[in-house]
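Descriptive analysis of the structure
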Amino acid sequence: MVFTSSDSVRVKRCGSVSLHRGLTRTITTNQKGKCIPLLSSAIRLTVRAHSVSSTMVKAIRIHELGGPEVLKWEDVELGNPKDGEIRVKNKAIGLNFIDIYFRKGVYKAAALPFTPGMEAVGVVTAVGPGLTGRKVGDIVAYAGNPMGSYAEEQILPADKAVPVPPSIDPIVAASILLKGMTAQFLLRRCFKVEPGHTVLVHAAAGGVGSLLCQWANALGATVIGTVSTKEKAAQAKDDGCHHVIIYKEEDFVTRVNEITSGQGVEVVYDSVGKDTFQGSLDCLKTRGYMVSFGQSSGSPDPVPLSALAVKSLFLTRPSMMHYTITRDELLETAGEVFANAASGVLRVRVNHTYPLSQAAQAHADLESRKTSGSVVLIPDGV
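Summarised in this report is the structure supplied together with it. These numbers come from a predicted model, not from an experiment.

Turning next to the sheet that holds strand β10 (residues 198-201). Strand order in this open sheet of six strands is β12-β11-β10-β13-β14-β15, and the pairing throughout is parallel. With one partner strand each, in any of the chains shown, β12 (243-246) and β15 (314-316) form the two edges of the open sheet. Pairwise comparison of adjacent strand axes, ignoring direction, gives a mean angle of 15 degrees for this sheet. Along the sheet, helix α4 (residues 170-190) makes contact with β13 (265-270), β14 (284-292) and β15, crossing β14 at roughly 150 degrees.

It is worth spelling out unusual backbone geometry at this point. Across the junction of Leu112 and Pro113, the peptide omega takes the value -5 degrees, indicating a cis bond. Locating Pro113 in the fold gives a position in the loop between α3 (97-104) and β6 (119-127). The amide bond that connects Asn145 to the next residue, Pro146, takes the cis arrangement and shows omega of 5 degrees. Looking at where Pro146 falls in the secondary structure, it is placed in the loop between β7 (139-143) and β8 (153-157). Residue Ala203 is not a glycine yet carries a positive backbone phi of 55 degrees. In the Ramachandran plot, Arg369 falls in the positive-phi region, its phi being about 60 degrees despite a non-glycine side chain. Following the sequence through the fold, Arg369 ends up in the loop between α11 (359-367) and β17 (374-378).

In this section: the environment of Glu152. As for its position among the elements, Glu152 is in the loop between β7 and β8. Along the primary structure Glu152 and Leu356 are separated by 204 residues, whereas in three dimensions their C-alpha atoms are 8.4 Å apart. In this structure, Glu152 is in contact with Val57, Lys58, Val88, Lys89, Asn90, Leu356 and Asp380, ignoring residues within four places of it in sequence. One polar contact links the side chain of Glu152 to the main-chain amide nitrogen of Lys58, over a distance of 2.8 Å.

Glancing now at helix α7 (residues 252-259). Among the residues of α7, those classed as buried are Phe252, Val256 and Ile259. In an axial view of α7, the angular spread of the buried residues amounts to 60 degrees, which keeps them on one side of the axis. Where the residues of α7 are buried, they touch β10, β11 (222-227), β12, β13 and α8 (277-283). Remark: Ser261 follows α7 within two positions and exhibits a positive phi of approximately 55 degrees.

Attention now goes to the pairing of β13. With six of six residues buried, β13 lies mostly within the body of the structure. When β10 meets β13, the two strands line up parallel, connected through three bridges. Across the sheet, the residue bridging to Leu200 is Val268, located in β13. Taking the sense of rotation as the criterion, the β-α-β connection linking β13, α8 and β14 turns out right-handed.

Rules used in this analysis
- Residues numbered from 1 in each chain as written.
- Predicted model: local features only at pLDDT ≥ 70, side-chain atom pairs only at ≥ 80, totals over all residues.
- Heavy atoms only, no water.
- Pairing = 2+ DSSP bridges.
- Helix = DSSP H or I, 4+ residues; strand = E, 2+ residues; numbered from the N terminus.
- Axes fitted to C-alpha atoms, helices over the stretch in contact; angles between N-to-C directions.
- Contact = heavy atoms within 4.5 Å.
- Polar contact = N/O pair within 3.5 Å; in protein donor to acceptor, adjacent residues only side chain to side chain.
- Buried < 20%, exposed > 50% of the residue type's maximum accessible area, 1.4 Å probe, protein only.
- Arc of directions from axis to C-beta.
- Right-handed = clockwise from strand over helix to strand, strands pointing away.

Next up, the structure:
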């Protein structure tokens with residue numbers, strides 16, 4: 001008899017399935033039950049789709065909300081990709097502040113326990129039944145949903161993964177895709193920065209802030225950045241900030257007013273939240289745009305509409321997920337990020353790498369602002 005997909009466990013036990021370079025074998029048995037390999041193209045897709053058995057992999061799991069200590073290094077079971085899915089062995093995993101929001105419960109995960117992480121780059125190890133356009137060995141990246149990148153391997157919807165150009169190192173890709181796509185939609189679509197604009201970027205030495213400063217400078221804007229230390233001020237300056245404000249030493253609202261001769265800025269990109277929100281509004285010129293895309297210091301206080309009416313201000317709280325809804329939007333956004341990285345418009349600063357098993361320490365360092373640039377987790381043993 002010829003084994004079908006339901007016999008995948010027995011097929012694997014016989015050890016005669018090969019997916020290399022399109023060579024696919026199936027198994028038949030004689031009357032005595034002896035395994036006999038037979039070349040067959042008829043069930044090539046079936047064998048391919050079910051060739052990777054359910055296995056145990058290491059991952060970070062969160063069973064309760066809280067501080068970095070709730071990140072646990074555990075074994076989890078990973079099955080086979082289904083229709084429209086791929087299985088990916090991660091090479092590098094991006095760490096982002098949104099991971100901290102989910103860990104603390106600022107953003108709600110669907111259920112407990114869960115594996116955090118919104119960004120990774122890896123190699124495709126299996127594809128779902130009948131899936132075209134993806135093959136084993138492809139290097140792909142994803143950023144956004146579904147959550148779960150803090151793992152050695154994961155199952156992904158194929159339409160959420162984008163190809164990584166050969167010119168982009170996996171660690172670089174993992175450090176830039178989510179942050180870079182965030183910078184892209186903030187600068188090009190949420191508010192379209194043009195030559196001659198003046199922009200204010202908070203946390204200018206952070207992962208997204210660094211890219212915002214570089215990209216806005218390349219677009220011809222005058223860039224003002226706020227940072228916490230002299231060391232970060234030097235980096236922000238190197239990243240294209242024309243004016244750098246160390247907010248612990250001077251009031252950023254007063255300084256922005258001086259820099260702009262009282263005119264204010266066209267747009268503020270604020271990922272800090274509570275500590276900077278009101279000051280950011282004060283820095284805007286008439287009909288300016290307040291773009292609040294993060295809250296590392298906590299959620300801002302409620303804003304009455306009358307506060308916006310004073311200067312006819314625009315206020316938005318955007319999410320990248322709403323700017324990459326379609327496959328075309330995703331590919332266009334990611335493509336622009338990779339193109340700018342390859343051309344040198346965006347210089348990626350991977351200043352910190354941690355083993356995936358030490359994600360708790362990485363979270364603690366990021367949350368206490370001990371890091372600058374991008375932080376990447378490397379699966380242990382890679």
